[in-house]
Amino acid sequence: MLLKSKSIDDGFAGTDLRELSLPLSGWSLRISRRDRGRATLAVYDTEGSCVDAMVSSFLAPTLLRDAWWGERDDQCWTLAWGKVPDNVQDVRVAFRQSRRCHPVPPVIIAERFWVAETTGRYRHVAAFTDRSSWRLMSRAA
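Residues numbered from 1 in each chain as written. Predicted model: local features only at pLDDT ≥ 70, side-chain atom pairs only at ≥ 80, totals over all residues. Heavy atoms only, no water.

Participant: Help me understand the overall build of the chain in this model?
Facilitator: Scanning the chain for helices and strands turns up zero helices and 14 strands. Helices and strands in the chain line up, N terminus first, as β-β-β-β-β-β-β-β-β-β-β-β-β-β. Buried positions account for 43% of the 141 residues belonging to the chain. Considering only residue pairs separated by 6 or more positions, the chain has 49% of its internal contacts joining residues 24 or more positions apart. When the accessible surface of the chain is summed, it comes to about 8100 Å², and 46% of that surface belongs to carbon and sulfur atoms. (Helix = DSSP H or I, 4+ residues; strand = E, 2+ residues; numbered from the N terminus. Buried < 20%, exposed > 50% of the residue type's maximum accessible area, 1.4 Å probe, protein only. Contact = heavy atoms within 4.5 Å. Areas by Shrake-Rupley, 256 points an atom, 1.4 Å probe, with all protein chains shown as cover.)

Participant: When you look at the nonpolar core in this model, what are you seeing that I'm missing?
Facilitator: The tendency in soluble globular proteins is for nonpolar side chains to be buried side by side. Core analysis: the biggest nonpolar cluster contains 16 residues, and Trp 27, Leu 29, Leu 79, Trp 81, Ile 109 and Val 115 have the highest contact counts within it. By size, the runner-up hydrophobic cluster in this structure holds 15 residues, among which are Leu 64, Ala 67, Ala 80 and Phe 95. (Core = buried A, V, L, I, M, F, W, Y, C linked by side-chain atoms within 4.5 Å.)

Participant: Explain the environment of Trp 69 to me, please; I cannot follow it from the model alone.
Facilitator: In this fold, Trp 69 is placed in strand E6 (residues 66-72). Owing to a relative accessible area of 11%, Trp 69 belongs among the buried residues under this scheme. Each C-alpha atom of the pair Trp 69 and Ala 140 lies 5.0 Å from the other, and the pair is 71 residues apart in sequence.

Participant: Help me understand the pattern of salt bridges, please; the structure alone is not making it clear to me.
Facilitator: Opposite charge on two side chains makes pairing possible when the charged atoms of those side chains draw close. This model, assessed by the stated rule, comprises five salt bridges. Salt bridges sharing common partners tie together Asp 90, Arg 92 and Asp 130. (Salt bridge = Lys/Arg side-chain N within 4 Å of Asp/Glu carboxyl O.)

Participant: Is there a simple way to think about the packing of aromatic side chains in this case?
Facilitator: How two aromatic rings sit relative to each other is given by the distance of their centres and the angle of their planes. Within the structure shown, the criterion is met by four aromatic pairs. Taking the centre distance of 6.3 Å and the plane angle of 50° together, the rings of Trp 27 and Trp 81 count as tilted. Of this pair, Trp 27 sits in the loop between strand E2 (17-21) and strand E3 (28-34) while Trp 81 sits in strand E7 (residues 75-83), and the two are 54 residues apart along the sequence. Residue classification places Trp 27 among the buried positions, given a relative accessible area of 3%. Here the aromatic rings of Phe 95 and Tyr 122 are separated by 5.9 Å at their centres, their planes lie at 50°, and the arrangement is tilted. Of this pair, Phe 95 sits in strand E8 (residues 92-97) while Tyr 122 sits in the loop between strand E11 (113-119) and strand E12 (124-128), placing them 27 residues apart in sequence. (Phe/Tyr/Trp six-rings, centres within 6.5 Å; stacked < 30°, edge-to-face > 60°.)

Participant: Sorry if this is basic, but what is going on with the sheet that holds strand E13 (residues 133-137) here?
Facilitator: Strand order across the open sheet formed by four strands is E9-E8-E12-E13, with antiparallel pairing between neighbours. Of all the strands in the sheet, the pair left with one neighbour each is strand E9 (100-104) and E13. Averaged over all adjacent pairs, the angle separating strand axes in this sheet is 20°, with direction ignored. (Pairing = 2+ DSSP bridges. Axes fitted to C-alpha atoms, helices over the stretch in contact; angles between N-to-C directions.)

Participant: In this structure, what is going on with unusual backbone geometry? I would like to understand it.
Facilitator: Peptide bonds are mostly trans, and most non-glycine residues show a negative phi. The phi dihedral of Asn 87 falls on the positive side, at around 60°, and the residue is not glycine. By secondary structure assignment, the location of Asn 87 is in the loop between E7 and E8. Judged by its relative accessible area of 66%, Asn 87 is exposed. Residues other than glycine seldom take positive phi values, yet Ser 98 does so here, at roughly 55°.

Participant: Please explain the side chain of Asp 52 as it appears in this structure.
Facilitator: Inspection of the secondary structure assignment puts Asp 52 in strand E5 (residues 50-55). Accessibility expressed as a relative area gives 11% for Asp 52, which makes it buried. Engagement of the side chain of Asp 52 in a polar contact is seen with the side chain of Arg 65, the distance being 2.9 Å. At a separation of 2.8 Å, a polar atom in the side chain of Asp 52 contacts the side chain of Trp 81. The residues contacting Asp 52, other than those within four sequence positions of it, are Leu 41, Ala 42, Val 43, Arg 65 and Trp 81. (Polar contact = N/O pair within 3.5 Å; in protein donor to acceptor, adjacent residues only side chain to side chain.)

Shown next, in the form of structure tokens:
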């Protein structure tokens, strides 16, 4: 997955804020550093509505936060995101539909978050580390 990045101005001088565009869904991610330097990730749909916002935390991060599927330009897509737990180097993500399992390497963002996007409509998403695993049903965009 190739993310396109650009700097954006949120009106706060000195705030490090980046916007990443997701190629399949057309959704975007905004990464900033606020609240004592902690990283924040916000997920926006194609209409610019904020779907989710996460602040990096050392307390019980949610490995798999959310998953959505939809269609854009006559192509189905599925998107999932979450937090990278402390002391974890490798997050693995798999999209599942019936007996079909499609592993997708996630993109790590700001060392605290991850995102994975793939073509196709998958109803189930699973995220794994060496220490834990989470499963989630995706929902329609």
